[in-house]
Structures are given as structure tokens and as C-alpha cells.
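Fold and contact review
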Amino acid sequence: MIREAISSDKFEVLKFCQNTFSWGDYIKEVWDHWISEGDLFVVEKNQPIGICHAVFYPTQAWIEGIRINPDFRRQSLASKLVKNVESISKQKGIPISLMLIDTENEPSLLMAKQLGYKISETWKFYSLQSQKNNDFEISLGNPFQKNKPTHYVKSWRWVPLNEKEISLLISQNNIVYSDTTNNKSVAILGESEHFDNTLIVTLFAGSESDTKNILLFLQNFGAEKQYKRIQILSKESFSNFNNLEHRLTFHLVQKLLS
Ligand SMILES: CC(C)(COP(=O)(O)OP(=O)(O)OC[C@H]1O[C@@H](n2cnc3c(N)ncnc32)[C@H](O)[C@@H]1OP(=O)(O)O)[C@@H](O)C(=O)NCCC(=O)NCCS
């Protein structure tokens, strides 16, 4: 009943992945990428009626894009897809699985709870409009001395931030920070691997003035590089910055698999 997806499943799957959320759905934009990445699973009854995608890292499994055709919900199909990923993870010796769930998505939160997932963090998603300016002063390099974050957001996946990843990000000038107050703000930048012209930023916010510095830099960077969208993920709340709009809030949920 559960198998790896193939390209030709796309037509049937996209039929039930159009208006999943109030804002639509993104499966049509990621389908081809996920097929080539692998570990895209479908559940079928004659034809595909549900999907989910997994990414296996040595230290965690990431589960995303769970969708069940509305005509087949409450039959434990999503639960089976998640359990399938968990059992592959266990076989690979991966200790934890994670997923991201909109704080207003009750069905999904209830499912995760029933499967034994616990909320580990809550993140806010903001969009920022590009705007040319030169009112900022930022630094490039390694801002993390003792307290390094455990994860950063790469193409909407919370991926482990280890020393190797930090070195790579620094060599690509993708870590910027502002440290004028001893309570620095840090941003990790990355282009989306799935959406055109989209800059994804993980923002670890310190003082208000350092955060403002970073946001002004990002606006200008977005304008110079002509990004269509700047998407910012942060655990902090920001209310008084022009052209920064809070869109959604998500819980990061996780389960120990051992
Ligand atoms: C969320 C979703 C994937 C659940 O799929 P599903 O196959 O219906 O889920 P399951 O049958 O495995 O449900 C498992 C448990 O979750 C809870 N649950 C699921 N849907 C629920 C709902 N609409 N209301 C209340 N509880 C719900 C229940 O506890 C359920 O167990 P029960 O049926 O024994 O009471 C499906 O509703 C869906 O595709 N929604 C739109 C896309 C989406 O939100 N994806 C998740 C993004 S993180």
C-alpha cells in the first residue's frame, strides 16, 4: 500500500493538492525536486491517495509534505506514512524524527500528538519586502562562540547546524551578524532549492537595534540580488519594522525513535 513515488503519480497527486490550505499548496512546485531527491512516498488504493516526503540526515529524519486526499482522511493513512518513515529511520540508526506544523493546523497537530511527537520549538514566518538602502552595518564570519544554535532553516527544513556546515556557510558568505550591543543578531542566508528567486533567512535575533541592522541589510541585499521573496524564520516576534509581515507560526515537533 505504501511505495516510493514515481514521476507519473504527479497527475493524480496534484488533483488533491491544490487548495489544501487557505493560501493553496506548494506540492506542484516541489514535486519534481522531491522525485529526484528520492524518499517521496505514496499510499495508494488503486491510485495514489496520499503522500509524504522524507529527508534522512545522520542525526535526524525530516518529514514534510504529508497530504491525504480529503475523501480518504481519518483512515490512519497519514499515520501509516509517518510510521513508514520512522521505521526506515530506525533501520538507518537515526535517533530522532522532526516535522513542522502550522500552529493552527489542529488535525495535523493531533495526529502528531497521537504518534508521540512533542513540540520542541515555535517559529514565526515573516516576509520582508526588498528595498535599496545603505543604513546598515553588518559583519561576515563566525558569530557563534559558545552557544551555537542546533539547527538552521535550509529550504524550509530545519537541518542540523554542525561545525562543518558552519564553515561551509561562512565560506559562502552566508552568515551575517550585527554586534553593536553585546546582544548580537545573526542571520543565516540561503537560496531556496525549490522556489525561484527566493531567499530564506534564519534569524537569531538579539537586541532590537542589531536586528534592525540585519533587516535593513536583508532588504538591500534582496533589492540588489532581485529576489522575488525574502522569507524569514525566527523564534522571536518583531512588530515595528516597516515592510516586515508576519505570515504564519509553526511548531517544530520531534519524536525520539529509540
Ligand atoms: C493532517 C492529515 C495529513 C491527516 O491525515 P489522516 O490520514 O486523516 O490522519 P490519520 O487518519 O492518520 O489521523 C490520525 C489521528 O490524527 C487525529 N486527526 C486527524 N485528522 C483529524 C481531524 N480532522 N480532526 C481531529 N483529529 C484528527 C486523530 O487523533 C486521528 O486519530 P483517530 O482518527 O483515531 O481519531 C490530513 O488531514 C491532511 O492531508 N490535511 C491537509 C494537509 C496537512 O495539513 N498536512 C500536514 C502538514 S504538517
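Let's talk about the domain arrangement of the protein
- What the domain assignment lists for the protein is domain 1 (2-94) and domain 2 (125-251).
- Between the C-alpha centres of domain 1 and domain 2 the distance comes to 29 Å.
- Contact with domain 1, which involves 14 residues of that partner, is made by 10 residues of domain 2.
- Interface of domain 1 and domain 2: buried area, both sides summed, is about 930 Å²; carbon and sulfur atoms make up 54% of it.
- Its largest share of buried area at the contact with domain 2, domain 1 owes to Tyr-57, Gln-60 and Trp-62, together 43% of the area lost on that side.

Comments concerning the nonpolar core
- Ranked by size, the top nonpolar core spans 26 residues in total, and within it Trp-62, Trp-156, Trp-158, Ile-188 and Leu-233 carry the most contacts.
- No other element matches strand β5 (residues 96-102), which puts 3 residues into this core.
- There are two domains that each give this core at least three residues, and those are domain 1 (2-94) and domain 2 (125-251).
- Beyond its immediate sequence surroundings of up to four residues, Trp-156 is in contact with Trp-62, Leu-100, Phe-125, Ile-200, Gln-231, Leu-233 and Phe-250.
- In terms of nonpolar packing, the next biggest core, distinct from the first, is built from 24 residues, Phe-41, Ile-49, Leu-81 and Ala-112 among them.

Comments concerning the state of the cysteines
- Within the structure shown, the criterion is met by 0 disulfides.
- In this structure Cys-17 is not part of a disulfide, and its nearest cysteine sulfur, from Cys-52, lies 12 Å away.
- When its relative accessible area of 0% is taken as the criterion, Cys-52 is described as buried.

As for the sheet that holds strand β12 (residues 198-204)
- Spatially, 12 strands are ordered β1-β2-β3-β4-β5-β14-β6-β13-β12-β11-β10-β7 in an open sheet, and the strand pairing comes out mixed. Two strands lie at the open edges of the sheet, namely β1 (2-4) and β7 (139-140), each paired on one side alone.
- The sheet contact formed by β7 and strand β10 (residues 175-178) spans 2 bridges and is antiparallel. Bridge pairing in β10 links Leu-140 to Val-176.

Rules behind the numbers
Residues numbered from 1 in each chain as written. Predicted model: local features only at pLDDT ≥ 70, side-chain atom pairs only at ≥ 80, totals over all residues. Heavy atoms only, no water. Domains from an automatic or database assignment. Contact = heavy atoms within 4.5 Å. Buried area = accessible area lost by both parts, 1.4 Å probe. Core = buried A, V, L, I, M, F, W, Y, C linked by side-chain atoms within 4.5 Å. Buried < 20%, exposed > 50% of the residue type's maximum accessible area, 1.4 Å probe, protein only. Helix = DSSP H or I, 4+ residues; strand = E, 2+ residues; numbered from the N terminus. Disulfide = S-S within 2.5 Å. Pairing = 2+ DSSP bridges.

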